[in-house]
Each structure stands twice: as structure tokens, then as C-alpha cells.
Amino acid sequence: VTDIHINSLLTEELIDTGTEDEIMDIEVDFETRIKFIPFISRFLPTLERIHFGGKNRQGEDIEGFSPVDGYFWEGEEIYPNDGPWASMRNFIDMISGAFGIGAFPNHLAISGLTCPNNSDGLMFGGSACATCRRACKSFPLESVVAFESKGSSSSNARSGRPFGLDVCLSTAEVERIIEDRPGGKELLRSELRLLRLLGSGRRWALKSDDNNGRALLIVKYTKDQLAEIKRVIQYAELDVKKLSPQKVHEAVSKSFIGGPSLHQKSQRYLS
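Residues numbered from 1 in each chain as written. Predicted model: local features only at pLDDT ≥ 70, side-chain atom pairs only at ≥ 80, totals over all residues. Heavy atoms only, no water.

## Side note on the overall build of the protein chain
Thought 1: Per the secondary structure count, the protein chain includes ten helices and ten strands.
Thought 2: Looking at the 271 residues of the protein chain, the share that counts as buried comes to 45%.
Thought 3: Counted over contacts in the protein chain with a minimum sequence separation of 6, partners at least 24 positions apart contribute 71%.
Thought 4: For the protein chain, the accessible area works out to roughly 14700 Å², and carbon and sulfur atoms hold 52% of it. (Helix = DSSP H or I, 4+ residues; strand = E, 2+ residues; numbered from the N terminus. Buried < 20%, exposed > 50% of the residue type's maximum accessible area, 1.4 Å probe, protein only. Contact = heavy atoms within 4.5 Å. Areas by Shrake-Rupley, 256 points an atom, 1.4 Å probe, with all protein chains shown as cover.)

Next comes the structure, spelled out in C-alpha cells:
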């Protein structure tokens, strides 16, 4: 077993549907939370990737589930009824602990999670978030350099692509922690971060009016994404003219992955 998808941890529920007050609440399943590490430990010798998705109240898997679009409410009770906000942070801390003591191998990639401080666009986290700081210090460096920041995971999530832990720290704060770790400075100045960003655009499929089965596929980058691409180029002092055209092509092509599979007749455009 190399890949495991877990869709039972997070459940979304729409409240006040169809009104101006409509919000999406996210629940954290207690049974999945406490059984996660014992279950995963059975597959660690070969396991490479774990992805967390989400379900709705009917138990159906949600396509393009984006946890930052929901709200993790703060409970007023104590464990085990401590509310989704505390429960999600405890779960992330548990994974950080597993990496920290070597229980999880460094090659294991985990995607689909977010700090609850990012929920519902509130983003009230900051440098004081001990959970996100602990994750930046404990997760493998290759994973931390691919962390999302303050809700930036939504594009990858809605496109059905895996994404790194979405922390509530600023990118600058994450980079400062990475720089203090062995090998961190060298990793930050490599071209890998830029190539990863080029593969995080949002894909849109425009169906043709005729019946030839063709679709126009468009990838769009938000202003924040374009600003981050520019910042990474400047930070790493990259000469983009010297980048391998093949690597750039492969990176951008990843933005077209997600949703319906690509057909041979499909056209690709970059925006």
C-alpha cells in the first residue's frame, strides 16, 4: 500500500442553506482521530502518501473538498467533546509528534489538512499559533517548504489536487523556521518551490456547444499566487531564463490535473 485516502475525519454541514447567513460547519470525527496512527502504522513500510478528504452529512465523498471554506467552531467542553477547532489542532499536533520522534518516515507526504485558524476566511492566526509552529519544526523539510499559508490551499483543493498543510502563519514566518533547520536555506533557494507554485493554478473546463466531446481547459492564477511566484523568484535569486523548459512545462501541466481526466482532443491555455 503506497497511498491511503481518509475521508471520514472531516464532515461538512451547511447551516441556514439558501440564506445570507449560510455557513459551512466542519466536524472532526473522534473515532477517526484516535484510530489514525494505529491504523497508519500497519502500512508504514511502503506508505508514501496520505490524503484527507471530506464527507457531507449524507456520508457522500465531497469532490474538491476545501476545509478552509468551512468553519471549525470552538467548543466549550473538554476532551473528548472539545469542539472541532481544538480537535483539529490536537490532530495536527499528533502528526507533528509522530514526525518529531521518527514514528513517521520523512518520505511520507500528508495532504488535505488546514489549521482551523484559517477557517471561514477569518484567518486570525499568527506567530503565536503553537500548532503551526510545531508543524513547521517537525514535519519533513520537503513537506514544510510546500506548506500552504493562510487559506492558500483552496485553489488546489477545489481542483482536486493534494496540498500541503495550510498553516495560519505567514509565508515569511514559515521561511524563518525553515532557515533555522539543517539544510533549510539551501532548500529555500532551490527552484523546486517555484515549480510547485506553477503547478497550483485553478483549472476551469469550458465545454463546447457542439457534440464533438472537446473541452477548452483554462488555468488561472490569482493575484496572490502571481505575487507569491514573483516573491519566490526574488527570494531565491532565480534566473528564470536558465530554468529547464521541460521542467517548467511539466510544472505548469500539473495545474491541468484535477477534475475530469484530460482528453487527447482537449486544448490547454494558460492565463
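Resuming the write-up.
## Regarding helix α6 (residues 171–179)
Thought 1: The set of residues buried in α6 consists of E173, V174, E175, I177 and I178.
Thought 2: As for α6, its buried residues are in contact with α3 (130–138), α4 (141–144), β7 (166–167), α7 (184–188), α8 (192–198) and α9 (223–235).

## Digging into the sheet that holds strand β4 (residues 49–52)
Thought 1: Across the sheet, three strands lie side by side as β1-β4-β5; this open sheet has parallel pairing. Single-partner strands in this sheet number two, and they are β1 (3–6) and β5 (109–111). In this sheet, neighbouring strand axes are inclined to one another by 10 degrees on average, regardless of whether the strands run parallel or antiparallel.
Thought 2: Of the pairings in the sheet, the one linking β4 to β5 comprises three bridges and is parallel in character. (Pairing = 2+ DSSP bridges. Axes fitted to C-alpha atoms, helices over the stretch in contact; angles between N-to-C directions.)

## Comments concerning the packing of α3 against α6
Thought 1: It is the contact of α3 with α6, at a shortest axis distance of 9 Å, that shows an interaxial angle of 40 degrees. By the angle between their axes, α3 is oblique relative to α6. Relative to α6, the crossing made by α3 is right-handed. Taking contact as the criterion, the partners of R133, C136 and K137 in α3 are, on α6, E173, V174 and I177.
Thought 2: Residue classes in the contact of α3 with α6 are distributed as three nonpolar, no polar and three charged. (Parallel < 35°, antiparallel > 145°, perpendicular 65-115°, else oblique. Left-handed = near helix turned anticlockwise from the far one by under 90°. Nonpolar A, V, L, I, M, F, W, Y, C, P; charged D, E, K, R; others polar.)

## Observations regarding α9
Thought 1: With 13 residues, α9 should reach 18 Å at 1.5 Å per residue; the first-to-last C-alpha distance of 18 Å fits that figure.
Thought 2: Buried residues of α9: Q225, E228, I229 and V232, and no others. Taken around the axis of α9, the buried residues stretch over an arc of 105 degrees, which confines them to a single face. Exposed residues on α9 whose side chains face more than 90 degrees from its buried face are K223, K230 and Q234.
Thought 3: Where α9 is buried, its residues touch α5 (154–158), α6, α8 and β9 (215–220).
Thought 4: Looking at the residues trailing α9, positive phi occurs at E237, about 55 degrees. (Expected span 1.5 Å × (residues − 1). Arc of directions from axis to C-beta.)

## A few points about the environment of D166
Thought 1: Mapped onto the secondary structure, D166 falls in strand β7.
Thought 2: Look past the residues within four positions of D166 in its chain and what remains in contact with it is V68, L113, T114, C115, N118, E148, S149, K150, G151, S152 and S153.
Thought 3: At 3.3 Å, the side chain of D166 forms a polar contact with the backbone nitrogen of S152. (Polar contact = N/O pair within 3.5 Å; in protein donor to acceptor, adjacent residues only side chain to side chain.)

## Observations concerning the side chain of E228
Thought 1: Here E228 lies in helix α9.
Thought 2: A distance of 2.9 Å separates the side chain of E228 from the side chain of R231, its partner in a polar contact.
Thought 3: Not counting residues up to four positions away in its chain, the partners in contact with E228 are T171 and L197.

## Things to note about unusual backbone geometry
Thought 1: Of note in the backbone geometry, K150 takes a positive phi value of approximately 50 degrees without being a glycine.
Thought 2: According to the relative accessible area criterion, K150 is partly exposed, its value standing at 29%.
Thought 3: Phi at E237 is positive, roughly 55 degrees, even though this residue is not glycine.
Thought 4: Relative to the elements of secondary structure, E237 occurs in the loop between α9 and α10 (245–253).
Thought 5: Looking at E237, the relative accessible area reads 70%, which means it is exposed.

## Structural notes on the pattern of salt bridges
Thought 1: Under the criterion given, the structure shown has 15 salt bridges.
Thought 2: Close ionic contact of K35 with E31 constitutes a salt bridge, the shortest N to O distance being 3.4 Å. Here K35 pairs with E31, and both are found in helix α1 (residues 30–40), just four residues apart, close to one helical turn.
Thought 3: A salt bridge links R158 to D69; the nearest nitrogen and oxygen atoms lie 2.7 Å apart. In this pair, R158 is assigned in helix α5 and D69 in the loop between β4 and α2 (83–100), connecting sequence segments 89 residues apart.
Thought 4: The class of R158 is partly exposed, set by a relative accessible area of 39%.
Thought 5: Connected via shared salt-bridge partners are E175, R193, E228 and R231. (Salt bridge = Lys/Arg side-chain N within 4 Å of Asp/Glu carboxyl O.)

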